[in-house]
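# What the coordinates show
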Amino acid sequence: TIAIAIAAGAGRLERVVSATRNVELSSPGQNTMSKFYAWRGAGKLILLRPWTGSGRGAFEHAFTQVAENGGERRYRWVENGFLQSLVDWGVPVAALLVVLAGTALFVAIRRLSPDPLAVGPLCALIGLAVQNMVDFSIEVPGIAFPALALVGVVFGQKSSEPEPGRRLIRTRTLLLLAPLALAAP
């Protein structure tokens, strides 16, 4: 399963890279039509407001402060989920999200020994996280709802019998879902 996912991802990556204009790669951050340009501007915004961020959904307006072509072209999003979190909420909240994601990954990996079928959904969630480094798809309900279903498969329990530490797993699951509640428009 993992080999198929890697092969499919490599094929998609090759198509995306081949479709990328040479101008974007030869001078990243200089071409104002490029994502790299928006990412560079996002770095400037993070330095302007490291503690509080620009506010959820305010990237479009905040970016005009650092873009050389602020009145000519609109950038609604950074098109990178991780940079978007830093820009929107600031470094402290983004750091908390990283800690929550790390905890989730740790718990998910521990779940693989009693439930080896969780490998597929976990790989899908990791793939989605990697894909959100170059796009912003988790905001689309058609992606978010299946991702939540996969989270349920990875963190769900098979039996109705209580297990030791079950309350701890519920608490962790609730903490992992908190960023999704924050991300809701």
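Anyway, here's the lowdown on the structure attached to this text.

## Here we look at the packing of helix α3 (residues 35-48) against helix α5 (residues 81-111)
- The interhelical angle for the contact between α3 and α5, taken along N-to-C directions, is 15 degrees, at an axis separation of 9 Å. It follows that α3 is roughly parallel to α5 by the angle criterion. Handedness of the crossing formed by α3 with α5: left-handed. For the pair α3 and α5, the contacting residues are W39, A42, L45 and I46 in the first and L83, L86, V87 and V91 in the second.
- Of the residues contributing to the contact of α3 with α5, the split by class is eight nonpolar, no polar and no charged.

## A few points about the environment of V153
- Residue placement: V153 occurs in helix α7 (residues 141-155).
- Judged by relative accessible area, V153 falls into the partly exposed class, the value being 42%.
- Taking the C-alpha atoms as reference points, V153 and A118, 35 residues apart in sequence, are found 6.7 Å from one another.
- Look past the residues within four positions of V153 in its chain and what remains in contact with it is R111 and P121.

## Structural notes on the pattern of salt bridges
- Applying the stated criterion across every chain, the model contains one salt bridge.
- The residue D88 makes a salt bridge to R56 at a minimum N-O spacing of 3.4 Å. Of this pair, D88 sits in helix α5 while R56 sits in the loop between α3 and α4 (59-63), and the two are 32 residues apart along the sequence.

## Let's talk about α7
- Over its 15 residues, α7 extends 21 Å from the first C-alpha to the last, a length consistent with the 21 Å expected when each residue adds 1.5 Å.
- Among the residues of α7, A144, A147, V154 and F155 are the ones counted as buried. One side of α7 carries all its buried residues, which in axial view fall inside an arc of 80 degrees. Summarising the geometry of α7, the exposed residues directed more than 90 degrees from the buried face are G142 and F145.

## Overview of a nonpolar patch on the surface
- Taken together, the side chains of F82, L105, I109, I126, V130, M133 and V134 present a nonpolar region at the surface, about 610 Å² in accessible area.
- At the level of secondary structure, the elements contributing two or more residues to the nonpolar patch comprise α5 and α6 (119-131).
- With three residues, the top contributor of residues to the nonpolar patch is α5.
- Locating F82 in the fold gives a position in helix α5.
- Exposure remark for F82: the relative accessible area of 45% places this residue in the partly exposed category.

## A word on α3
- With 14 residues, α3 should cover 20 Å at 1.5 Å per step; its first-to-last C-alpha distance of 20 Å lies within 8% of that length.
- The set of residues buried in α3 consists of Y37, A38, G41, A42, L45 and I46.
- Buried residues in α3 make contact with α4 and α5.

## Notes on the environment of N132
- Take N132: it is sitting in the loop between α6 and α7.
- When the C-alpha atoms of N132 and G81 are compared, they prove to be 5.3 Å apart, with 51 residues separating the residues in sequence.
- Those residues in contact with N132, other than ones at most four positions away along the chain, are N80, G81, F82, S137 and I138.

Thresholds, definitions, all that
- Residues numbered from 1 in each chain as written.
- Predicted model: local features only at pLDDT ≥ 70, side-chain atom pairs only at ≥ 80, totals over all residues.
- Heavy atoms only, no water.
- Axes fitted to C-alpha atoms, helices over the stretch in contact; angles between N-to-C directions.
- Helix = DSSP H or I, 4+ residues; strand = E, 2+ residues; numbered from the N terminus.
- Parallel < 35°, antiparallel > 145°, perpendicular 65-115°, else oblique.
- Left-handed = near helix turned anticlockwise from the far one by under 90°.
- Contact = heavy atoms within 4.5 Å.
- Nonpolar A, V, L, I, M, F, W, Y, C, P; charged D, E, K, R; others polar.
- Buried < 20%, exposed > 50% of the residue type's maximum accessible area, 1.4 Å probe, protein only.
- Salt bridge = Lys/Arg side-chain N within 4 Å of Asp/Glu carboxyl O.
- Expected span 1.5 Å × (residues − 1).
- Arc of directions from axis to C-beta.
- Patch = residues over 30% accessible without salt bridge, like charges linked within 9 Å, V, L, I, M, F, W, Y side chains within 5 Å.
- Areas by Shrake-Rupley, 256 points an atom, 1.4 Å probe, with all protein chains shown as cover.

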